[in-house]
Amino acid sequence: MQRSQGDFPHGTSREAWPSNRRAAPAPSSVIASLASVRVQIVMFALVALALILGVGWSLLDPAPPRKVRIATGVPGGFYDALGKQYRSALQKSGVAVELVETSGSVENVRLLLDDNDIDIAFVQGGITRRATGAGTLRTLASLAIEPLWIFSRTGAFDRLETNSGVRIAAGQMGSGTRDLVTHILSILGLRERVVLVDLGGQAAADALLAGDVDYAAFVTSPKTDWVRQLLDSPGVSFAEPGYTASLARVLPFTTEVQLPARVLDFHRRIPREDLSVLGVATSLVVTPAAHPAIKHLLLAKSHEIVDGEPILGTRGQFPSRQLIDFPLDEEAMRYFQHGPTPVRRYLPYWLANLIERFWFLLVPILTLLIPLLGFGPTAFDWSMRRRIYRWYREL
């Protein structure tokens with residue numbers, strides 16, 4: 001219906017009326033306004049979530065390294081063979097391993113303390129008494145018993161009590177063999193009567209066979225090549241130091257090991273008679289910088305790699321938390337008490353580690369995110385009402 005001129009307010013013409021009047025909101029503008037509110041709320045939630053994730057991630061432990069270095073021992077020795085087994089096992093889990101050849105346990109401890117790139121090493125029992133500043137080092141597990149082998153071409157070990165200047169190839173300086181032999185000689189009061197020659201491994205065995213030394217001492221597995229070679233060599237005998245049981249009680253990191261005749265080789269009768277040898281524990285030692293995930297991986301692989309030595313009667317006894325020198329690591333204590341976590345038991349190493357890291361982050365995220373999500377609908381409803389009420393005033 002057309003308005004007459006009198007229908008318009010006083011002083012307002014038909015032409016002026018539309019300019020003095022606010023148009024009603026179009027439906028499209030209301031929809032756009034509602035969409036804008038939704039976008040703002042979503043953006044706010046995303047920004048808050050990103051901040052929460054950023055703060056939480058900064059508080060998490062760093063990701064485990066993809067490469068580790070392990071200090072082992074002389075080439076061809078027990079630690080060298082053990083290191084190769086760990087390298088193969090860890091590489092299957094995506095961790096590269098560099099084996100660092102050393103002269104033995106003493107050098108291994110020194111590298112753990114001084115070299116920032118080495119956090120893992122094989123260490124023979126008894127080294128702690130000489131390792132200055134080694135109180136920070138921790139043991140993950142003892143891995144094996146290594147017998148002390150002393151071979152001679154000239155007679156029993158008791159001969160040292162009546163002769164001076166006897167030459168003993170007792171390992172290189174820095175080796176665990178050298179450290180143990182020196183300690184035993186001091187206990188027996190024979191240190192000043194012998195000359196220690198810096199030869200170890202195959203070189204010591206060759207020197208004994210050539211007559212260049214009177215005795216050769218080794219702390220190693222009975223499966224080592226040069227031990228089997230000397231046990232089978234005519235003219236070479238095993239020189240039991242005597243007092244093995246007493247030494248095992250005086251030295252808490254050792255144990256007495258019985259080797260029955262022919263246990264190494266029935267056909268060649270190695271050894272030819274029952275032997276009583278002093279056994280020394282080998283431990284897997286880490287620094288405080290070793291990542292917890294790497295520790296768990298090493299412990300899990302240790303159960304696959306070592307199980308004791310049937311020849312020595314230690315089957316099923318390793319890995320163990322007994323016969324250790326350095327204190328047991330806290331991660332290792334939990335592992336021995338409760339075993340691996342369910343995630344690590346059934347999932348691959350890297351996936352399990354990622355899940356466990358995010359699991360600790362999930363709780364604080366949910367704590368902050370749930371109130372935030374509850375605030376979203378309230379904020380949306382308030383914004384909607386505010387906009388609608390504004391249009392009501394206009395209408």
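To keep things clear, this report deals only with the structure shown in the data block.

Here is what the cut-offs are and how they apply
Residues numbered from 1 in each chain as written. Predicted model: local features only at pLDDT ≥ 70, side-chain atom pairs only at ≥ 80, totals over all residues. Heavy atoms only, no water. Helix = DSSP H or I, 4+ residues; strand = E, 2+ residues; numbered from the N terminus. Buried < 20%, exposed > 50% of the residue type's maximum accessible area, 1.4 Å probe, protein only. Contact = heavy atoms within 4.5 Å. Areas by Shrake-Rupley, 256 points an atom, 1.4 Å probe, with all protein chains shown as cover. 1 Å grid on protein atoms, 1.4 Å probe; cavity = no way out; pocket = protein on both sides within 12 Å on 5 of 7 lines; lining within 4 Å. Points joined across faces, edges and corners; volume = space filled by probe spheres on them. Nonpolar A, V, L, I, M, F, W, Y, C, P; charged D, E, K, R; others polar. Patch = residues over 30% accessible without salt bridge, like charges linked within 9 Å, V, L, I, M, F, W, Y side chains within 5 Å. Salt bridge = Lys/Arg side-chain N within 4 Å of Asp/Glu carboxyl O. Lys, Arg positive; Asp, Glu negative; His and termini not counted. Charge placed at Lys NZ, Arg CZ, Asp CG, Glu CD. Expected span 1.5 Å × (residues − 1). Axes fitted to C-alpha atoms, helices over the stretch in contact; angles between N-to-C directions. Parallel < 35°, antiparallel > 145°, perpendicular 65-115°, else oblique. Left-handed = near helix turned anticlockwise from the far one by under 90°.

A word on the overall build of the protein
Part 1 of the reasoning: Secondary structure assignment for the protein yields 11 helices and 10 strands.
Part 2 of the reasoning: For the protein, the residues scored as buried account for 44% of the 395 residues in total.
Part 3 of the reasoning: Residue pairs at least 24 apart in sequence account for 76% of intrachain contacts in the protein once pairs closer than 6 positions are excluded.
Part 4 of the reasoning: When the accessible surface of the protein is summed, it comes to about 21,000 Å², and 57% of that surface belongs to carbon and sulfur atoms.

Things to note about the layout of surface pockets
Part 1 of the reasoning: The computed volume of the largest pocket comes to approximately 480 Å³.
Part 2 of the reasoning: For the largest pocket, the lining is made up of 26 residues, of which Phe78, Gln85, Ser221, Lys223 and Glu309 are closest to its centre.
Part 3 of the reasoning: Those elements that place two or more of their residues in the lining of the largest pocket are helix H2 (78–91), strand S4 (138–152) and helix H6 (225–231).
Part 4 of the reasoning: For the lining of the largest pocket, the leading source of residues is H2, giving five residues.
Part 5 of the reasoning: Tallied by class, residues from the lining of the largest pocket come to 13 nonpolar, seven polar and six charged.

A short note on a negative patch on the surface
Part 1 of the reasoning: Residues Glu240, Glu256, Glu273 and Asp274 make up a contiguous surface patch of negative charge.
Part 2 of the reasoning: With respect to the secondary-structure elements, Glu273 resides in the loop between strand S9 (254–259) and strand S10 (275–286).

Quick word on the pattern of salt bridges
Charged atoms that come close allow side chains of opposite charge to pair.
Part 1 of the reasoning: In total, this model carries 11 salt bridges according to the counting rule given.
Part 2 of the reasoning: Residue Asp329 pairs with Lys295 through a salt bridge whose shortest N-O separation is 2.9 Å. Remark: Lys295 occurs in helix H8 (residues 292–305) and Asp329 occurs in the loop between H8 and helix H9 (330–338); sequence separation between them is 34 residues.
Part 3 of the reasoning: Looking at Asp329, the relative accessible area reads 7%, which means it is buried.
Part 4 of the reasoning: Assessed through its relative accessible area of 7%, Lys295 is described here as buried.
Part 5 of the reasoning: It is possible to trace a salt-bridge network through shared partners that takes in Lys67, Arg69, Glu98 and Asp115.

Here we look at H8
Part 1 of the reasoning: If you check H8, its first and last C-alpha atoms are 20 Å apart, about what 14 residues at 1.5 Å a residue would give, namely 20 Å.
Part 2 of the reasoning: When you tally the buried positions in H8, you get 10 out of 14 residues, the bulk of the element.
Part 3 of the reasoning: Considered for burial, the residues of H8 that qualify are Ala293, Ile294, Lys295, His296, Leu297, Leu298, Leu299, Lys301, Ser302 and Ile305.

Focus on empty space enclosed by the protein
Part 1 of the reasoning: The tally for this structure, following the rule as stated, stands at two cavities of 30 Å³ or more.
Part 2 of the reasoning: In this structure, the largest cavity encloses a volume near 290 Å³.
Part 3 of the reasoning: Every residue lining the largest cavity is counted, 23 residues in all, and those nearest its centre are Val74, Ser103, Ser175, Thr177 and Val219.
Part 4 of the reasoning: Listing elements by their share of the lining of the largest cavity, those giving two or more residues are H2, helix H4 (176–188) and strand S7 (215–219).

Structural notes on H4
Part 1 of the reasoning: Helix length check: H4, at 13 residues, gives a terminal C-alpha distance of 18 Å against a target of 18 Å (1.5 Å per residue), a fit within 8%.
Part 2 of the reasoning: All buried positions along H4 are accounted for by Gly176, Thr177, Arg178, Asp179, Leu180, Val181, Ile184 and Leu185.
Part 3 of the reasoning: Looking one or two places after H4, you find Gly189, whose phi comes out positive at around 75°.

Observations regarding the packing of H8 against H9
Part 1 of the reasoning: Viewed as axis vectors pointing N to C, H8 and H9 meet at an angle of 45°, and their least axial separation amounts to 10 Å. Classed by the angle they form, the pair H8 and H9 counts as oblique. Once H8 is placed against H9, the crossing between them reads as right-handed. Taking contact as the criterion, the partners of Pro292, Lys295, His296, Leu299, Ala300 and His303 in H8 are, on H9, Glu331, Ala332, Tyr335 and Phe336.
Part 2 of the reasoning: Residues that form the contact of H8 with H9 fall into these classes: six nonpolar, two polar and two charged.

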